[in-house]
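# Analysis of the macromolecular model
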Amino acid sequence: MSGEETTVVHLLRHGEVHNPGGVLYGRLPGYHLSERGRAMARRVAEVVAGRDVVHLRVSPLERARETAQPLAEAFGLEPTIDDRVIESASKFEGQRFAINDGALGRPAAWRHLRNPVRPSWGEPYGQIAARMLAGAAAARDAARGHEAVVVSHQLPIWTTRLHVEGKHVFLHDPRRRQCTLCSLTSLHYRGDRLVRLTYSEPAGDMIPLADRSAPFSSGGRHEEPAVP
């Protein structure tokens, strides 16, 4: 219907994290943005400053709350903490995920890799997408006719996107996730109906070249696919 209001919910991945050990930090506490990560968060706030953002929803983890801070200050908003947009759970939290120097090199960890469809090492992909879409819907309802930002994490955002586009999540290559640090995966609603998905990288030029295709890090390309 032409009279339905348009609402945009931007799923914002957090900025770069200080992680010298290179571990999968998952939901572990104590992982904060690096100096570059804080600069990325400020860049996003500058880029979207002219937009009609009236609601800010944030994962409870430190790196997400720190990414949200410049936005909260720019728009005068009090962030809503929402557990539904938290990082996905994983059996490999606190470990390096590598073949020679990490979890993949330990036979005891292999049992967690038996079923990539679920996946067997962590939270089911379907569950991730369902909770993320519920969080996005809550942000949409709070920002009817305007825009909202939801600060979350790479795998939940990417899982949501693949679900929306009708693609098989378990077939994706982590090195090719189109969800760079501080990128915006934007859900466009007409009324309650999701009609389009766009993607942009406000801080893409701040990511070191060597890190842009790193597994579980930044990877991705700039384009704007439509929802089928």
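Everything here concerns the structure above.
Criteria and cut-off values
Residues numbered from 1 in each chain as written. Predicted model: local features only at pLDDT ≥ 70, side-chain atom pairs only at ≥ 80, totals over all residues. Heavy atoms only, no water. Core = buried A, V, L, I, M, F, W, Y, C linked by side-chain atoms within 4.5 Å. Buried < 20%, exposed > 50% of the residue type's maximum accessible area, 1.4 Å probe, protein only. Helix = DSSP H or I, 4+ residues; strand = E, 2+ residues; numbered from the N terminus. Contact = heavy atoms within 4.5 Å. Salt bridge = Lys/Arg side-chain N within 4 Å of Asp/Glu carboxyl O. Polar contact = N/O pair within 3.5 Å; in protein donor to acceptor, adjacent residues only side chain to side chain. Phe/Tyr/Trp six-rings, centres within 6.5 Å; stacked < 30°, edge-to-face > 60°. Lys NZ or Arg CZ within 6 Å of the ring centre and 35° of its normal. Pairing = 2+ DSSP bridges. Axes fitted to C-alpha atoms, helices over the stretch in contact; angles between N-to-C directions.

## Describing the nonpolar core
Among the nonpolar cores identified, the biggest contains 21 residues, and L12, L56, L71, V149 and V151 are the most heavily contacted of them. Put simply, the parts of the chain that give this core at least two residues each are α1 (35–47), β2 (53–58), α2 (62–75) and β4 (147–152). The element that contributes the greatest number of residues to this core is α2, accounting for 5 residues. Setting aside chain neighbours within four positions, we find L56 in contact with A68, L71, A72, L77, E78, P79, T80, V149 and V151. Within the second largest apolar cluster, 18 residues are counted, among which are M132, A143, Y189 and L197.

## Digging into the pattern of salt bridges
Per the counting criterion, the structure on display carries 16 salt bridges. A salt bridge links D192 to R140; the nearest nitrogen and oxygen atoms lie 3.7 Å apart. Of this pair, D192 sits in the loop between β5 (184–190) and β6 (193–200) while R140 sits in helix α4 (residues 125–142), placing them 52 residues apart in sequence. For R140, a relative accessible area of 9% corresponds to the buried category. K167 is paired through a salt bridge with E165; the nearest N and O atoms lie 3.3 Å apart. Of the residues examined, E165 reaches a relative accessible area of 10% and is grouped as buried.

## So, the side chain of R140
One polar contact links the side chain of R140 to the main-chain carbonyl oxygen of D192, over a distance of 3.2 Å. Excluding its chain neighbours within four sequence positions, the residues that come into contact with R140 are T7, V9, Y189, G191 and D192.

## Focus on the packing of aromatic side chains
As enumerated under the stated definition, the model contains 1 aromatic pair in all. When the ring centre of Y189 is taken as reference, the NZ or CZ atom of R140 above it lies at 5.1 Å. When the ring centre of Y199 is taken as origin, the NZ or CZ atom of R161, which lies over that ring, is 5.8 Å away.

## Quick word on the environment of H188
Considering the arrangement of structural elements, one finds H188 in strand β5. The exposure class assigned to H188 is buried, which follows from its relative accessible area of 12%. Side chain to side chain, H188 and T198 meet in a polar contact 2.9 Å long.

## Some details on the sheet that holds β2
Strands sit in the order β3-β2-β4-β1-β5-β6 across an open sheet of 6 strands; the sheet is mixed. One side of each edge strand has no neighbouring strand; the edge strands of this open sheet are β3 (80–81) and β6. One ladder, built from 7 bridges, connects strand β1 (residues 6–13) with β5; its direction is antiparallel. Within the sheet, the bridge partner assigned to L12 lies in β5 and is L184. Sheet strands in contact with α2 are β1, β2, β3 and β4, and its direction is about 160° off that of β2.

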